[in-house]
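So you can see what is in the structure, the chains are spelled out below.
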Amino acid sequence: MIRSYFKNIPFKSHYFFSFLIFQLFFSIVFAQSINFKYGEFDLTNSYEDFLKEEPVGPSLNQTNYYKIIRFNSIPKRDTRSELESKGILFLDYISQNAYTVSIPYNFLKSNLVGYDITHVQDIPKILRCDPAIFESPIPQWADKGNKINLEIILMKNYELNFFLEYLDALGSTIIDINSSANIVRCEFPKNKLMELSEIQYVNFISFISAPGEPEDTGGRSLHRSNSINTQLYNGRKYDASGVSVCVNDDGFVGPHIDFKGRTEQSTVANDLNGDHGDMVAGILGGAGNLNPQYEGMAKGAKIHVRQYSSSLPNSVQLNNDSNVMIFSSSYGNSCNAGYTSLCYQIDREIVLNPSLIQVFSCGNSGNSNCGYGAGSGWGNITGGHKQAKNVIATANLNYNGTLVSSSSRGPASDGRIKPDIAAHGNGQISTDPNNIYNAGSGTSAAAPGISGVLAQLYQAYRELNSGLDPESGLLKACLLNTAQDYGNTGPDFSYGWGIVNALKAVKVLEENRYQDSLIDNGESHTINFTIPEGTKEARIMLYWMDPERSPSSSISLLNDLDLKISNNSSDFYPWVLDPTPNSSLLSLPATTGEDHLNNMEQVTIFDPVSGNYSAEISGFNIPVGPQKYYLLYEFISDEIIVTYPIGGEGVIPYRAEFIQWDTYGTQGYFDVEYSVDNGVSWTTIGNQVNGSSRIKQWPIPNSVSGQALVRVSRDGISGQSSDVFSIIDFPKNININNVCECEFSISWNEVP
């Protein structure tokens, strides 16, 4: 081909064109295209070219310089350790075996010989910057006249104080500093933006997150929270006592007797304008002192109240200083923002402080078109922080478990499963200032339900493990793997993994149905387990807390693990969803296959043969290892467990209550009955209930009883309340009489 091309070219030109063809051939063979969020770039500087470069001289306040190093394959742990011992620090994984690294100025390049390195190249500006910062118009919240509000991620090993001196010299105004993630948020001079983008110790530059907006629009029983904090003598008593949580919202909560003695509000003592935070705090941890019907999930928790800030500052400080484990935020800012600098910050904070977790509402933009590509109704999770990998984003449900139409839907911008889980928010009654109650709404009311259940699980884990704190990834995995499957079979982009079930989640901890281990790139682990007889559905979930990844990456997942379940005759693979931006495809039920997007994988086996099985966990692509993982098991039988009323409650005549139960399958119909004489006689409650339902409305009869029970039956299998409960009205005309130093007396009208 080359000869024929040269045939009509003058002989003296042959050498010139031969050189051009050689250069083209060289670039094709040795250039490596690297994909990232905003496109791709070529690595053209080979390892041999790097060896020939003049040594880099030190610059002001720097002891290292920064490069991209690409290997022929992901280096093994021993290889990384050897290079780190020589001074190379691995900072971030880009893709296709390429890392950003820090290299000491006095490093001998010959020390890189023998490590199968293909390219060493400067970090291009396009990898450092969100292109939007150079576009017009600048968003209103970021435009400050001759300055611009920026989030600047520095290289992980760069000394933060040196950069602050640089900003001060330019007249920048500091907004927020996050030292754990090496992020500075500031008002930066517009005319110095290009200079900033050229600084090699700058990792990534983007606009600061938009200001947050509150997301407004019988949770305890729907969530099964009541089932793990019961009135029964021998029942579970997980009310989150000893657990500290934080509500990031709109200021001071209360005054309300439901929070008496359990809040820390020093930073918002004079911020009395809003009541959104009152609603959120009441659903999370109201004690029900004024009315037990409106008790929250975690009435024993200590609640720290802060004003919401879109940078979510000081979470690590509160975790370390005040032992705050859970941070609940029901605010949104922007829509389908992607994996942002704030995601990077949150994921890093959680990996470095594994007892910490952030819980968010998923948003009320379910009918909006936020640019995912599938039109309105998909890809409209509000706020980039909710697309972080190690957090929980919560969908909003009605009292009966149906999805509220305004609840934001996934996927995340890179196709991952969002929301993570679903909870009751719409119409849930909660606290309002001055000792009253009011209805909450929106995913704002759903997120604190998840936060409260998590607080209960923290207490349970501590009591089961000698006071030790759990890793939040384990508790998140317990919630996901035991959630009541709703909507399409398997996960979906509306409910996530399903409706939270606190009872099933706590049983995983109590029965020790989980294991953990470390795995590195290319390794394979086999874990044997047994599926018991009578199991109708087995769920096995692999979960790992994935490290932060650069916001410039096209895929947010960093370490990619795979799960396969096998017995003697069959292999079973995890659920996968099609994230193609097409409304029809996004609506489809999950199929099974290999998942290379999410940091959790679940294998579900319907009607499994009982006996021995093996779980194979593979380190498919782990550029930053070793990676810790959890493997959890859930075995579902067709027994019926009544979860409300469970026993010990008091219900009021003429009011409507919702009986709730757990079981397996959608076949047939349920019969629901009540007894007022401890099961001697039973009365049917209305019509039969469809086999797919787990809830039945019950108009409470006009009677007084301390011996009430509820029973649910289907196909010869039944379950009933664990103990008796009461049917009785509130006492009227309560008076406090004869108050003295040591005693007082109370009188009220007789309850008929």
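I will try to describe carefully the structure that is included in this document. (Residues numbered from 1 in each chain as written. Predicted model: local features only at pLDDT ≥ 70, side-chain atom pairs only at ≥ 80, totals over all residues. Heavy atoms only, no water.)

## Some words on the overall build of the protein chain
Okay, step 1: When its secondary structure is counted, the protein chain shows 15 helices and 44 strands.
Okay, step 2: Against the compact-globule benchmark of 27 Å for 752 residues, the protein chain has a radius of gyration of 29 Å, which places it among compact chains.
Okay, step 3: By its C-alpha atoms, the protein chain is 115 × 65 × 50 Å across when sized along the principal axes.
Okay, step 4: Looking at the protein chain as a whole, 56% of its 752 residues qualify as buried.
Okay, step 5: Of the roughly 30,800 Å² that the protein chain leaves accessible, carbon and sulfur atoms contribute 50%.
Okay, step 6: Each charge sign in the protein chain was given a centre, from 51 positive and 79 negative side chains, and these centres are 5 Å apart. (Helix = DSSP H or I, 4+ residues; strand = E, 2+ residues; numbered from the N terminus. Rg over C-alpha atoms; globule rule 2.2 N^0.38 Å. Buried < 20%, exposed > 50% of the residue type's maximum accessible area, 1.4 Å probe, protein only. Areas by Shrake-Rupley, 256 points an atom, 1.4 Å probe, with all protein chains shown as cover. Lys, Arg positive; Asp, Glu negative; His and termini not counted. Charge placed at Lys NZ, Arg CZ, Asp CG, Glu CD.)

## Details of the nonpolar core
Okay, step 1: One finds I326, I450, L454 and L479 to be the most contacted residues of the largest nonpolar core, which totals 89 residues.
Okay, step 2: Looking at which element gives the most residues to this core, the answer is helix α12 (residues 442-464), with 11 residues.
Okay, step 3: Among all residues touching L454, those that are not within four sequence positions of it are I326, I357, V359, I392, L475 and L479.
Okay, step 4: Counting 34 residues, the second largest nonpolar core, distinct from the first, contains C129, V184, Y201 and I205. (Core = buried A, V, L, I, M, F, W, Y, C linked by side-chain atoms within 4.5 Å. Contact = heavy atoms within 4.5 Å.)

## Comments concerning the pattern of salt bridges
Any two side chains of opposite charge can pair if their charged atoms end up close together.
Okay, step 1: With the rule as written, the count across this model stands at 29 salt bridges.
Okay, step 2: Between K192 and E195 there is a salt bridge whose closest N-O contact spans 3.7 Å.
Okay, step 3: For E195, a relative accessible area of 35% gives the class partly exposed.
Okay, step 4: Here the salt bridges share partners, and the residues they tie into one network are R77, R80, D520 and E523. (Salt bridge = Lys/Arg side-chain N within 4 Å of Asp/Glu carboxyl O.)

## Some details on the packing of α12 against helix α14 (residues 502-510)
Okay, step 1: Packing of α12 against α14 leaves a shortest axis separation of 10 Å and a crossing angle of 20°. Comparing the axis directions of α12 and α14 gives the class roughly parallel. Viewed along their axes, α12 and α14 form a crossing whose handedness is right-handed. Contacts between α12 and α14 involve V453, L457, A460, Y461 and L464 from the first element and A502, A505, V506, L509 and E510 from the second.
Okay, step 2: Each residue belonging to the contact of α12 with α14 can be placed in one class, and the counts come to nine nonpolar, no polar and one charged. (Axes fitted to C-alpha atoms, helices over the stretch in contact; angles between N-to-C directions. Parallel < 35°, antiparallel > 145°, perpendicular 65-115°, else oblique. Left-handed = near helix turned anticlockwise from the far one by under 90°. Nonpolar A, V, L, I, M, F, W, Y, C, P; charged D, E, K, R; others polar.)

## A word on the packing of aromatic side chains
Here a ring pair, both rings aromatic, is described through the centre-centre distance and the interplanar angle of the planes.
Okay, step 1: A complete count under the given rule lists 23 aromatic pairs for this structure.
Okay, step 2: Aromatic pair F90 and Y99: ring centres 5.0 Å apart, planes at 80°, arrangement edge-to-face. The pair F90 / Y99 is uniform in exposure class, with both members buried.
Okay, step 3: Ring centres 4.6 Å apart and planes at 45° place the aromatic pair Y399 and F658 in the tilted group. (Phe/Tyr/Trp six-rings, centres within 6.5 Å; stacked < 30°, edge-to-face > 60°.)

## Quick look at the sheet that holds strand β5 (residues 98-104)
Okay, step 1: Spatially, four strands are ordered β4-β5-β3-β6 in an open sheet, and the strand pairing comes out antiparallel. One side of each edge strand has no neighbouring strand; the edge strands of this open sheet are β4 (89-95) and β6 (117-121). Mean inter-strand twist for the sheet, computed between neighbouring axes without regard to direction, equals 30°.
Okay, step 2: Looking at chain direction, strand β3 (residues 64-71) and β5 are connected through seven bridges and run antiparallel. Residue pairing for β5: I69 is matched across the bridge by Y99. (Pairing = 2+ DSSP bridges.)

## Considering the sheet that holds strand β27 (residues 571-572)
Okay, step 1: Taken in spatial order, the four strands make up an open sheet running β24-β31-β26-β27, and their pairing is antiparallel. Two strands close off the open sheet at either side, each with one partner strand: β24 (524-531) and β27.
Okay, step 2: For strand β26 (residues 560-566) and strand β31 (residues 611-621), the ladder comprises seven bridges, and the chain directions are antiparallel. Looking across to β31, one finds that L563 is bridged to I617.

## So, a nonpolar patch on the surface
Okay, step 1: A cluster of nonpolar residues, I734, I736, V739, F744, I746 and W748, forms a patch on the protein surface that exposes about 690 Å² of accessible area.
Okay, step 2: Turning to its location among the elements, I736 is positioned in strand β43 (residues 735-737). (Patch = residues over 30% accessible without salt bridge, like charges linked within 9 Å, V, L, I, M, F, W, Y side chains within 5 Å.)

## Description of helix α6 (residues 160-170)
Okay, step 1: Every buried residue belonging to α6 is among L160, F163, Y166 and L167, and all of these are buried. All buried residues of α6 lie within an arc of 120° about the axis, which places them on one face of the element. Exposed positions of α6 whose direction lies more than 90 degrees from the buried face are D168 and A169.
Okay, step 2: Tucked into the core, α6 has its buried residues touching β8 (147-154), β9 (173-178), β10 (183-189) and α7 (193-197).
Okay, step 3: Positive backbone phi, at 80°, marks G171, one or two positions downstream of α6. (Arc of directions from axis to C-beta.)

## Some remarks on the environment of G425
Okay, step 1: Tracing the backbone through its elements, the reader meets G425 in the loop between β20 (421-424) and β21 (429-432).
Okay, step 2: Note: C-alpha distance between G425 and G338 (87 residues apart in sequence) is 25 Å.
Okay, step 3: Beyond its immediate stretch of four places on either side in the chain, G425 contacts N396, L397, G440, S441, G442, A445 and A446.

## Section: the packing of α12 against helix α13 (residues 472-482)
Okay, step 1: Remark: α12 packs on α13, axes separated minimally by 11 Å, with the N-to-C direction vectors making an angle of 120°. At the point where α12 passes α13, the crossing takes the right-handed sense. Contacts from I450, V453, L454, L457, Y458 and Y461 in α12 reach S472, L474, L475 and L479 in α13.
Okay, step 2: Considered class by class, the residues forming the contact of α12 with α13 number nine nonpolar, one polar and no charged.

## Details of the environment of S309
Okay, step 1: Relative to the elements of secondary structure, S309 occurs in the loop between β15 (302-307) and α10 (315-322).
Okay, step 2: Spatially, the C-alpha atom of S309 lies 24 Å from that of G410, the residues being 101 residues apart in sequence.

## What about unusual backbone geometry?
Okay, step 1: For the bond from G254 to P255, the omega torsion is 5°, close enough to zero to count as cis.
Okay, step 2: Looking at the element boundaries, P255 is found in the loop between β13 (244-249) and β14 (263-264).
Okay, step 3: Y644 connects to P645 through a cis peptide bond whose omega is -5°.
Okay, step 4: Inspection of the secondary structure puts P645 in the loop between β33 (641-644) and β34 (650-651).
Okay, step 5: Phi is positive for N733, which is not a glycine, with a value near 55°.
Okay, step 6: Under the relative-accessibility criterion, N733 is labelled exposed at 52%.

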